[in-house]
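Topology and contacts: notes
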Number of protein chains: 2
Amino acid sequence: MSAPSTSAPVAVSSEMAIAQALAAIVFDANGLVPCVAQQHDSGEVLMMAWMNRDAVSETLRTGKLCYWSRSRQALWRKGETSGHGQTLVDLRIDCDGDTLLALVDQAGVACHTGRHNCFFRALRDEQLTEIAPVLVDPRQMYGA
Amino acid sequence: MSAPSTSAPVAVSSEMAIAQALAAIVFDANGLVPCVAQQHDSGEVLMMAWMNRDAVSETLRTGKLCYWSRSRQALWRKGETSGHGQTLVDLRIDCDGDTLLALVDQAGVACHTGRHNCFFRALRDEQLTEIAPVLVDPRQMYGA
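This report concerns the structure included in the present document.

Conventions used here
- Each chain carries its own residue numbering, running from 1 in the direction its sequence is written.
- Each chain is given a letter, starting from A, and each ligand a number, starting from 1, according to the order in which they appear as written.
- This being a predicted model, a pLDDT of at least 70 is required before a residue's local features are given, and a value of 80 or more before pairs of side-chain atoms are given or counted; all residues contribute to the totals for chains, interfaces and linings.
- For the side-chain quantities, the full set of heavy atoms in the structure was used; hydrogens and water were omitted.
- Contact between two residues is taken to exist if any of their heavy atoms lie within 4.5 Å; hydrogens are not considered.
- Within this document, salt bridges are pairs made up of a side-chain nitrogen of Lys or Arg and a carboxyl oxygen of Asp or Glu, the two lying within 4 Å of each other.
- N or O atoms closer than or at 3.5 Å make up a polar contact, with two conditions inside protein: a donor-capable atom paired with an acceptor-capable one, and, for residues adjacent in sequence, both atoms drawn from side chains.
- Under the grouping applied here, Gly and all other residues not named as nonpolar or charged are polar, the nonpolar ones being Ala, Val, Leu, Ile, Met, Phe, Trp, Tyr, Cys and Pro and the charged ones Asp, Glu, Lys and Arg.
- At least two bridges found by DSSP between two strands is the condition for calling them paired.
- Segments assigned H or I by DSSP are reported as helices when at least four residues long, segments assigned E as strands when at least two residues long, and all are numbered from the N terminus.
- Only protein chains enter the area calculation, which uses a 1.4 Å probe; residues under 20% of their type maximum are buried, those over 50% are exposed, and those in between are partly exposed.
- Least-squares superposition of the copies uses the C-alpha atoms of those residues scoring a pLDDT of at least 70 in each of them.
- Under this scheme, a helix contributes an axis fitted over its contacting stretch, all axes are lines through C-alpha atoms, and angles between N-to-C directions fall in the 0 to 180 degree range.
- Note that the term roughly parallel is reserved for angles under 35 degrees, roughly antiparallel for angles over 145, roughly perpendicular for angles of 65 to 115, and oblique for everything else.
- The handedness criterion is simple: a crossing whose near helix is rotated anticlockwise from the far helix by less than a right angle is left-handed, and one whose near helix is rotated clockwise is right-handed.
- For Phe, Tyr and Trp, where Trp contributes only its six-membered ring, two rings pair if their centres lie within 6.5 Å, and the inter-plane angle classes them as stacked under 30 degrees, edge-to-face over 60, or tilted in between.

What about the interface of chain B and chain A?
- Contact with chain B, which involves 42 residues of that partner, is made by 42 residues of chain A.
- Summed over the shared surface of chain B and chain A, the result is 4 salt bridges.
- The partner of Asp98(B) in a salt bridge is Arg70(A), and the shortest N-O contact between them spans 3.4 Å.
- Put simply, chain B and chain A have 20 residue pairs in polar contact (both at pLDDT 80 or more) between them.
- Class assignment of the residues belonging to the side of chain B that touches chain A gives a composition of 23 nonpolar, 10 polar and 9 charged.
- In the sheet, strand β7 (residues 121-124) of chain A pairs with strand β5 (residues 86-93) of chain B via 2 bridges, with the strands oriented antiparallel.

Now the structure itself:
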C-alpha cells in the first residue's frame, strides 16, 4: 500500500462524538448519504460515493474512509483491494444534513480507472473528452 | 444581483454537445443525478444538489447553474430568488456517469443559511460545531 502523500493529522473520533455526527446526518430512504471526497491540501475533488450509518461510524472511528458499495451491497473500505486508500482529515456535514464532505489524504489514485480523480470527462470543442490521464494500470490495482 | 467574483469564461454549449453530455450521464430511478458545485479558482466545495435532464440541459445551454429542487419538484435556477447565482466554468462527468462536478463562479454565498458554503458543521473537540460564519442574513437573501 502506498503511503499517504502528506503527514496531515488523521481524524479519529470517540463514540460520543460519532453519535453526535450520526444524529445530524439525514440518511435517505435506502439508509444512505452521499459523501464527496476532496484532497485536503490541493482542493481536488476526488470522487463521490455513498455511506450508510456503519460506514460513517467506521470512517470516524478509524480515520480511514469506508463507504457503502451499492453494487456489492457491502461496506467498501477504500483501498482494501487497490491499496489506494484515503485517510480522513475532516468530515463535514452540510446545512440539510443530507450530504457529507470528507477532506482526505488520498494514497495513489482515487478512481478505479487509474486516474487521480473520477471527474475526467468534460466538453471540449463541443466533444465529450477525457481530460485526465490514466496514471496507474487498473490491472495492476486490482490484480486482474 | 451581485456580480461574479472573477471574470472566468462562461461555459455554454451547443445542442449537439449537450446531447453528448446527456448520453454519458446515468440518471437514477427518479431521473436525477447529484451535482457537486466547486468554486473554480479557490477549489472550495460549495454545495451538492440534484439535476434532472432539463436542469443539465439548461445549465449547459445558458452557462447558469440550474438544479432540480426535490422539495419543490421544480427547476431551481440558483440565485433566482436570492440573487446568489452560479456561472458555469466547466461541467465534468465522473467515471460511472452518475455524479457531476460543476466548476462554477459563485456570486455571493452558496448556502441558504447565508454561509459561503453548505459544509459548515464538523467535529471539533468531540463536539459537532459550526465552523463557518453567516456572511449574509438569510432574511435579506429571501426577503422574508
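Topic: helix α2 (residues 53-62) of chain B
All names here are of chain B.
- Within the sequence span of α2, burial applies to Ala55, Val56, Ser57, Glu58, Thr59 and Leu60.
- You can read the cap of α2 off the contacts: a side-chain oxygen lies 3.2 Å from the backbone nitrogen of Asp54, and it is on Asn52.
- Just past α2, the residue Gly63 takes up positive phi, approximately 75°.

Some thoughts on unusual backbone geometry
- A positive phi angle, near 50°, is found at Asp125(A), a position not held by glycine.
- Secondary-structure assignment places Asp125(A) in the loop between β7 and β8 (127-130).

Observations regarding the pairing of β5(B)
All names here are of chain B.
- Counting buried positions along β5 yields 6 of 8 residues, so the element is predominantly enclosed.
- Note: β5 against strand β6 (residues 100-106), 7 bridges, orientation antiparallel. Paired with Arg92 across the strands is Leu101, a residue of β6.

Some words on the relation of the copies chain B and chain A
- Once chain B has been moved 0.0 Å along the axis and rotated by 180°, it coincides with chain A to within an RMSD of 0.0 Å. A rotation of that kind, with that shift, is consistent with a two-fold axis. Nearest to the rotation axis, the C-alpha of Gly43(B) is located 2.5 Å from it, this being the minimum over chain B.
- Both copies present the same face, since 100% of the interface residues in chain B are matched by interface residues at the equivalent positions in chain A.

Focus on the packing of helix α1 (residues 15-24) of chain B against α2(B)
Residue and element names in this part refer to chain B.
- Look at α1 against α2: their axes get within 10 Å of each other, and the N-to-C directions meet at 140°. Here α2 runs oblique to α1, going by the angle between their axes. Crossing geometry of α1 relative to α2 is assigned as right-handed. Where α1 abuts α2, its residues Glu15, Ile18, Ala21 and Leu22 lie against Arg53, Val56, Ser57, Leu60 and Arg61.

Description of the pairing of strand β7 (residues 121-124) of chain B
Residues and elements named next belong to chain B.
- Examined bridge by bridge, β7 and strand β8 (residues 127-130) share 4 bridges and lie antiparallel to one another. Bridging from a neighbouring strand, Leu123 pairs with Leu128 of β8.
- The turn joining β7 and β8, which pair antiparallel and follow one another in sequence, is formed by 2 residues; a positive phi near 50° is taken by Asp125.

Thoughts on the packing of aromatic side chains
- Counted according to the given criterion, the structure contains 3 aromatic pairs over all chains.
- Ring plane angle 40° and centroid distance 6.4 Å describe the contact between Trp50(A) and Trp50(B), whose orientation is recorded as tilted. Placement of the pair is Trp50(A) in strand β2 (residues 45-51) and Trp50(B) in strand β2 (residues 45-51), with the two residues belonging to separate chains. For the pair formed by Trp50(A) and Trp50(B), the shared burial category is buried.
- Plain terms: the ring middles of Tyr67(B) and Trp76(B) are 5.3 Å apart, the flat faces sit at 45° to each other, and that makes the pair tilted.

Here's the deal with the pattern of salt bridges
- Tallied over the entire structure, the rule returns 14 salt bridges over all chains.
- For Arg77(B), the salt bridge goes to Glu58(B), with nearest N and O atoms at 2.6 Å. A residue pair is termed long-range when its members are at least 10 positions apart, and Arg77(B) in strand β4 (residues 74-77) and Glu58(B) in helix α2 qualify at 19 residues.
- Judged by relative accessible area, Arg77(B) falls into the partly exposed class, the value being 34%.
- Judged by relative accessible area, which is 15%, Glu58(B) ranks as buried.
- Connected through salt bridges with shared partners, the residues Asp90(A), Arg92(A) and Arg124(B) form a single ionic network.

Observations regarding the environment of Val10(B)
- Among the structural elements, Val10(B) can be located in the segment before α1.
- On a C-alpha basis, the gap between Val10(B) and Gln39(B) in space is 13 Å, while along the polypeptide they are 29 residues apart.

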